[in-house]
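Topology and contacts: notes
Now for the letters of each chain:
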Amino acid sequence: MLKPRYEGQALVAYYFFYFCTIGAFMPYWGPWLRSEGQDALAIGLLTAAVQFSKVLAPNVWGWLLHYLPTRWLIPAGGMAAVLSFLLLFFVRSHFPALLLITLLFAFFWAATLPLVDNITMAWAEREGRRYGRIRLWGSLGFITLSLGMGALVSAWGLRSFLPGIAVFLFLAWWVSRFLPFSASPQSTQPHNRAPFLPELRDPRLWFFLLAGILEQASHGVYYAFYSIYVEAHGDNSLTVGLLWALAVLAEVLFFWFGDRILRRWGTALVFVSAFLLTAIRWWVIAWWPGFVWIILVQTLHAASYAAFHLAAIHWVFARFPQALRARGMALYASLVYGLGGGIGALMAGWAWSRWGGSATFFAAGILAAVAAVFLLGVFRPRPALEKLA
């Protein structure tokens, strides 16, 4: 068993390498596919395949916890992600094969993160640490590789895309072998088959999931079209990169202080504030009152992503009994980020082609505002409500 200091370092390293992969993958997946001869429709389908794989994968792996401990599942999933990704080296321009491999890779890639989040929360609770200060290293990894992959692509072209990602997938797998699995008892042995269905009968859970799906769907236009929208207003690619970096830096700052904010102000207030600030962010971008305002609202990524995610992780961890927390995390990740992200991407493409950029961002703001209304059902008074520690 590792000492607590080294257990914390293993968690930090895992988040860093895992999100290095995302930072390299997200900006260059589309350009790489285009360089391999795929048209716009194929690129859209292959990108949606990555998002919608997140709906199924975490729930399947959460179910597998009844039979296998996470100390086996997480490294196995990491290695399967590495091996399936390597198949892309051999199949490049053939769309059916690309689609199959993408679904296979995304299935394993999306499965492990909710399980690690559960271990991190349990370890932080045991050691008196803060989840946010561990998770922020993922954001730093995203920044590092989004910039680093850009440098590689500039120097070596898109032929560096596959090797670059494969390296960090391998590193994430290597570090996963040293995670503090003992922090959560169900991580070292299969779960007792605690019934999950009764937990799904709580309407508060479905208000929470619906609110999260809408909030994440509102980000679809941001992830797909924000760079294009900024350039359409006369700014260059360097400015676009700096705006993205500013957003992630704001995210890092919130993760650093976020646990303290949650304890001081409570989950309900942080949730509602995050959703309303998200709506304001999209409406200001739609209006585009001037570049100074765009810089200011870009810092609201601290609310629209970091505050929402941190509050959600705490809420799910407190909401489910210990034996079902990993499955609760998986349900949250699959529906909010998988279903919500996939729907948001499809809706953004449809709306952008018909209404244009400004109207699409305005519609995204409406989604986030409606999501805040559903939070009233999440935090309605109930005697059995578990309070955040």
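Only a predicted model underlies this, so the values are computations on that prediction, with no experimental measurement involved.

A closer look at the overall build of the protein
The number of helices and strands found in the protein is 14 helices and zero strands. Taken from N to C terminus, the helices and strands of the protein fall in the order α-α-α-α-α-α-α-α-α-α-α-α-α-α. A compact globule built from 389 residues would reach a C-alpha radius of gyration of about 21 Å, and the protein, at 20 Å, matches this within 12%. Here the C-alpha coordinates of the protein stretch approximately 55 × 50 × 35 Å along the principal axes.

As for the packing of helix H10 (residues 267-287) against helix H11 (residues 291-298)
Where H10 meets H11, the axes come as close as 10 Å, and the angle between the chain directions of the two elements is 160 degrees. Judged by the angle between their axes, H10 and H11 are roughly antiparallel. For the pair H10 and H11, the sense of crossing is left-handed. Between H10 and H11, the residues in contact are Arg281, Val284 and Ile285 and Trp293, Ile294, Val297 and Gln298, respectively. Its residues assigned to classes, the contact of H10 with H11 shows five nonpolar, one polar and one charged.

Quick look at the pattern of salt bridges
For the structure shown, the criterion picks out four salt bridges. Ionic pairing is found between Asp202 and Arg204, a salt bridge with its closest N-O pair at 2.8 Å. The pair Asp202 / Arg204 is uniform in exposure class, with both members buried. When salt bridges that share partners are traced, they join Glu7, Arg126 and Glu127 into one network.

Notes on unusual backbone geometry
Even without being a glycine, Trp288 presents a positive backbone phi close to 50 degrees. According to the relative accessible area criterion, Trp288 is buried, its value standing at 15%.

Looking at helix H12 (residues 301-319)
In a regular helix each residue adds 1.5 Å, so 19 residues correspond to 27 Å; H12 covers 26 Å between its end C-alpha atoms and thus fits that length. Helix geometry: H12 is bent most strongly at Ala307, by close to 30 degrees. Within H12, 19 of the 19 residues are buried, leaving the element largely enclosed by the surrounding structure.

Observations concerning a nonpolar patch on the surface
A cluster of nonpolar side chains, namely Leu83, Leu86, Leu87, Phe89, Phe90 and Leu104, defines an oily patch on the protein surface of about 550 Å² accessible area. The topology assignment puts Leu83 in helix H3 (residues 70-86).

Considerations on the nonpolar core
Counting residues in each nonpolar core, the largest one holds 106 residues, and the members touching the most others are Trp29, Phe208, Phe271, Phe275, Phe308 and Tyr332. Formed by 24 residues, the second largest nonpolar core is a distinct cluster that contains Ile285, Ile294, Trp352 and Phe361.

Structural notes on the packing of aromatic side chains
This structure, assessed with the given rule, holds 43 aromatic pairs. Following the ring pairs from residue to residue traces out a cluster consisting of Tyr14, Tyr15, Tyr18, Phe19, Phe25, Trp32, Phe85, Phe105, Trp109 and Phe161. When the ring centre of Trp256 is taken as origin, the NZ or CZ atom of Arg133, which lies over that ring, is 3.9 Å away. The cationic tip of Arg264 hangs over the ring face of Trp265; the distance from NZ or CZ to the ring centre is 5.3 Å.

Remarks on helix H13 (residues 325-355)
The first and last C-alpha atoms of H13 sit 42 Å apart over 31 residues, in line with the 45 Å expected at 1.5 Å per residue. Trailing H13 by a residue or two, Gly356 shows a phi angle of about 90 degrees, which is positive.

Some remarks on the side chain of Glu251
Within the secondary structure, Glu251 is located in helix H9 (residues 237-265). This buried residue, Glu251, is left without a salt bridge; Arg135 holds the nearest opposite charge, at 4.4 Å. When neighbours within four sequence positions are excluded, Glu251 is seen to be in contact with Arg135, Ser139, His301, Ala302, Tyr305 and Ala306.

Overview of the environment of Ser35
Structurally, the position occupied by Ser35 is in helix H1 (residues 4-35). Along the chain, Ser35 and Ala348 lie 313 residues apart, while their C-alpha atoms are 24 Å from each other. At 2.6 Å, the side chain of Ser35 forms a polar contact with the backbone oxygen of Trp32.

Quick word on the packing of H3 against helix H6 (residues 161-176)
At a minimum axis separation of 8 Å, H3 and H6 run at an interaxial angle of 165 degrees. By the angle between their axes, H3 is roughly antiparallel relative to H6. You can see that H3 and H6 cross each other, and the crossing is left-handed. Along its contact with H3, which presents Ile74, Pro75, Gly78, Met79, Ala81, Val82, Phe85 and Leu86, the element H6 presents Leu162, Ile165, Ala166, Leu169, Phe170, Trp173 and Ser176. Tallied by class, residues from the contact of H3 with H6 come to 13 nonpolar, two polar and no charged.

Topic: the environment of Arg129
For Arg129, the position within the fold is in the loop between helix H4 (95-127) and helix H5 (131-156). Classification of Arg129 as partly exposed rests on a relative accessible area of 43%. Not counting the four nearest positions on each side in its chain, Arg129 is found in contact with Trp123 and Ala124.

Describing the environment of Ala364
With respect to the secondary-structure elements, Ala364 resides in helix H14 (residues 357-378). On the basis of relative accessible area, Ala364 is assigned to the buried category, the value being 4%. As for Ala364 and Val221, which are separated by 143 residues in sequence, their C-alpha atoms are 7.4 Å apart. The residues contacting Ala364, other than those within four sequence positions of it, are Ser218, Val221 and Trp282.

Considerations on the side chain of Ser84
Turning to its location among the elements, Ser84 is positioned in helix H3. Relative accessible area serves as the criterion here: at 3%, Ser84 is assigned to the buried category.

Basis of the calculations
Each chain carries its own residue numbering, running from 1 in the written order of its sequence. Where local features are concerned, this predicted model is filtered to residues with pLDDT of at least 70; where side-chain atom pairs are given and counted, the filter is 80 or more; whole-chain, interface and lining totals use all residues. With hydrogens and water set aside, each side-chain value is computed from the structure's full complement of heavy atoms. Segments assigned H or I by DSSP are reported as helices when at least four residues long, segments assigned E as strands when at least two residues long, and all are numbered from the N terminus. Just to be clear, the radius of gyration here is over C-alpha atoms, and the globule rule we use is 2.2 Å times residues to the power 0.38. All axes are obtained by fitting lines to C-alpha atoms, using only the stretch in contact for helices, and the reported angles, taken between N-to-C directions, cover 0 to 180 degrees. Angles are sorted into four bins: roughly parallel if under 35 degrees, roughly antiparallel if over 145, roughly perpendicular if 65 to 115, and oblique for all others. Left-handed is the label given to a crossing in which the near helix is rotated counterclockwise from the far helix by less than a right angle, and right-handed is the label when the rotation is clockwise. Here, residues are in contact when the closest pair of their heavy atoms is within 4.5 Å. Gly is placed with the polar residues, together with every amino acid not listed as nonpolar (Ala, Val, Leu, Ile, Met, Phe, Trp, Tyr, Cys and Pro) or charged (Asp, Glu, Lys and Arg). The salt bridge definition used is simple: a Lys or Arg side-chain nitrogen within 4 Å of an Asp or Glu carboxyl oxygen. Working definition: with a 1.4 Å probe on protein chains only, accessible area under 20% of the residue-type maximum means buried, over 50% means exposed, and in between means partly exposed. Multiplying one less than the number of residues by 1.5 Å gives the expected span of a helix. Two axes enter the definition of the bend at a residue: one is fitted to the seven residues ending there, the other to the seven starting there, and the bend is the angle between them. Like charges within 9 Å and nonpolar side chains (Val, Leu, Ile, Met, Phe, Trp, Tyr) within 5 Å are joined into patches, using only residues over 30% in relative accessible area that form no salt bridge. All accessibility values rest on the Shrake-Rupley procedure with a 1.4 Å probe; residue burial counts only the protein chains present in the view. Among buried residues, the Ala, Val, Leu, Ile, Met, Phe, Trp, Tyr and Cys ones that are joined through side-chain atoms within 4.5 Å form a nonpolar core. Think of it this way: a Phe, Tyr or Trp ring, Trp meaning its six-membered ring, pairs with another when their centres are within 6.5 Å, and the plane angle makes it stacked under 30 degrees, edge-to-face over 60, tilted otherwise. Remark: a charge is flagged as sitting over a ring if the NZ atom of Lys or the CZ atom of Arg is within 6 Å of the ring centre and within 35 degrees of the ring normal. Positive charges come from Lys and Arg alone, negative charges from Asp and Glu alone, with His and the N- and C-terminal ends not counted. N or O atoms closer than or at 3.5 Å make up a polar contact, with two conditions inside protein: a donor-capable atom paired with an acceptor-capable one, and, for residues adjacent in sequence, both atoms drawn from side chains.

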